[in-house]
Amino acid sequence: MKVRRRARVTAFQALFEIDSVGHDPTYAIYMRLAEEDLSPEGEAFCRELAHGVLRHREVLDRIIQRIAPEWPIAQMAITDRNILRMAAYEVLYTTETPTKVVINEAVELAKLFGSDSSGRFVNGVLGTLVAKRREYAHEASAAAPPTSRADEAGSSGNPLSES
């Protein structure tokens, strides 16, 4: 598996853990990274995805809810919800990865971790997001400015070494 896909899987697993059982985000991300042998670039990408989703979760959830109003965010499968958050974050807040790649990666994660219908659901929501990207990008940019990742996890990312 390629480095960026492994980083996405690791970020997804941390976000799933944080969302499903309420573990401390910094600790959950640190522990998932400790279990995965990622390059420094892979670790940085994983941290950016996970922290970016957490930093912008409220606005991401509002946008996802507007796209799929028949599926309340709290009732959506945890898998689907977190895959959609990650992909929406990449589409709306980053420019590093082409949109088609983001959607393909999200659909593949949904097929790997979700139900039989997750891939289609994720693809449909993200298709609408991309079709109305300007509208949603405006809403996303109106959100509060992001905090630095160093503020969230300390310079090493190890929550056990920072006090």
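Just so you know, these numbers come straight off a predicted model, no measurement behind them.

Draft legend 1. Expanded view of empty space enclosed by the protein. Under the criterion given, the structure shown has one cavity of 30 Å³ or more. Put simply, the largest cavity is a space of about 30 Å³. Taken together, Arg8, Ile83, Met86, Ala87, Glu90, Val102, Glu105, Ala106 and Leu109 make up the full set of residues lining the largest cavity. Contributions of two or more residues to the lining of the largest cavity are made by helix H5 (78-93) and helix H6 (99-113). The class makeup of the residues in the lining of the largest cavity is six nonpolar, no polar and three charged.

Draft legend 2. Representation of the nonpolar core in the model. If you look at the biggest cluster of nonpolar residues, it comprises 46 residues, and the most contacted ones within it are Ile63, Leu84, Met86, Leu92, Val122, Leu126 and Leu129. Once residues lying within four places of it in the same chain are set aside, the contact partners of Met86 are Arg8, Ala11, Phe12, Leu15, Leu49, Val53 and Leu109.

Draft legend 3. Expanded view of helix H7 (residues 118-131). Taking 1.5 Å per residue as the helical rise, H7 with its 14 residues ought to reach 20 Å, and the 20 Å between its terminal C-alpha atoms agrees with that figure. Those residues of H7 not exposed but buried are Ser118, Gly119, Phe121, Val122, Val125, Leu126 and Leu129. Buried residues in H7, looked at end-on, bunch into an arc of 165°, giving them a common side. Of the residues in H7, the exposed ones pointing more than 90 degrees away from the buried face are Arg120 and Ala131. Buried-residue contacts for H7 involve helix H4 (57-67), H5, H6 and helix H8 (133-141).

Draft legend 4. Structural context of the confidence of the model for the protein. Mean pLDDT over the protein stands at 89; residues scoring 70 or higher make up 87%. Per-residue pLDDT stays below 50 along residues 146-156; that stretch engages in 21 contacts with residues further than four places along the chain or on separate chains.

Draft legend 5. Structural view of the packing of helix H1 (residues 3-21) against H6. Running from N to C, H1 and H6 point in directions that differ by 55°, and their axes come no closer than 11 Å. Taken together, the axis directions place H1 and H6 in an arrangement best described as oblique. As H1 packs across H6, the resulting crossing turns out to be right-handed. Note on element contacts: H6 touches H1 through Asn104, Glu105, Glu108, Leu109 and Phe113, opposite Arg5, Arg8, Val9, Phe12 and Gln13. Residue composition of the contact of H1 with H6, grouped by class: four nonpolar, two polar and four charged.

Draft legend 6. Seen up close, H6. Spanning 15 residues, H6 covers 21 Å between terminal C-alpha atoms, matching the ideal 21 Å at 1.5 Å per step. Of all the residues in H6, the buried ones are Thr99, Val102, Ile103, Glu105, Ala106, Val107, Leu109 and Ala110. Against H1, H5, H7 and H8 lie the buried residues of H6.

Draft legend 7. Structural context of the packing of aromatic side chains. Considering all chains together, one arrives at four aromatic pairs under this definition. Ring geometry for Trp71 against Phe121: centres 5.8 Å apart, planes inclined by 65°, an arrangement best described as edge-to-face. Residue Trp71 is found in the loop between H4 and H5, and its partner Phe121 is found in helix H7; the two are separated by 50 residues along the sequence. By relative accessible area, which is 44% here, Trp71 ends up partly exposed. Their ring planes at 20° and their centres at 5.4 Å tell us that Tyr89 and Tyr93 sit as a pair that is stacked. With a gap of four residues between them, Tyr89 and Tyr93 both fall in helix H5, about one helical turn apart. The class of Tyr93 is partly exposed, set by a relative accessible area of 24%. Among the aromatic residues, ring-to-ring pairing joins Phe12, Phe16 and Phe113 into one connected group. Sitting over the face of the ring of Phe45, Arg4 holds its NZ or CZ atom 3.7 Å from the ring centroid.

Criteria and thresholds
- Residues numbered from 1 in each chain as written.
- Predicted model: local features only at pLDDT ≥ 70, side-chain atom pairs only at ≥ 80, totals over all residues.
- Heavy atoms only, no water.
- 1 Å grid on protein atoms, 1.4 Å probe; cavity = no way out; pocket = protein on both sides within 12 Å on 5 of 7 lines; lining within 4 Å.
- Points joined across faces, edges and corners; volume = space filled by probe spheres on them.
- Helix = DSSP H or I, 4+ residues; strand = E, 2+ residues; numbered from the N terminus.
- Nonpolar A, V, L, I, M, F, W, Y, C, P; charged D, E, K, R; others polar.
- Core = buried A, V, L, I, M, F, W, Y, C linked by side-chain atoms within 4.5 Å.
- Buried < 20%, exposed > 50% of the residue type's maximum accessible area, 1.4 Å probe, protein only.
- Contact = heavy atoms within 4.5 Å.
- Expected span 1.5 Å × (residues − 1).
- Arc of directions from axis to C-beta.
- pLDDT = per-residue confidence, 0-100.
- Axes fitted to C-alpha atoms, helices over the stretch in contact; angles between N-to-C directions.
- Parallel < 35°, antiparallel > 145°, perpendicular 65-115°, else oblique.
- Left-handed = near helix turned anticlockwise from the far one by under 90°.
- Phe/Tyr/Trp six-rings, centres within 6.5 Å; stacked < 30°, edge-to-face > 60°.
- Lys NZ or Arg CZ within 6 Å of the ring centre and 35° of its normal.

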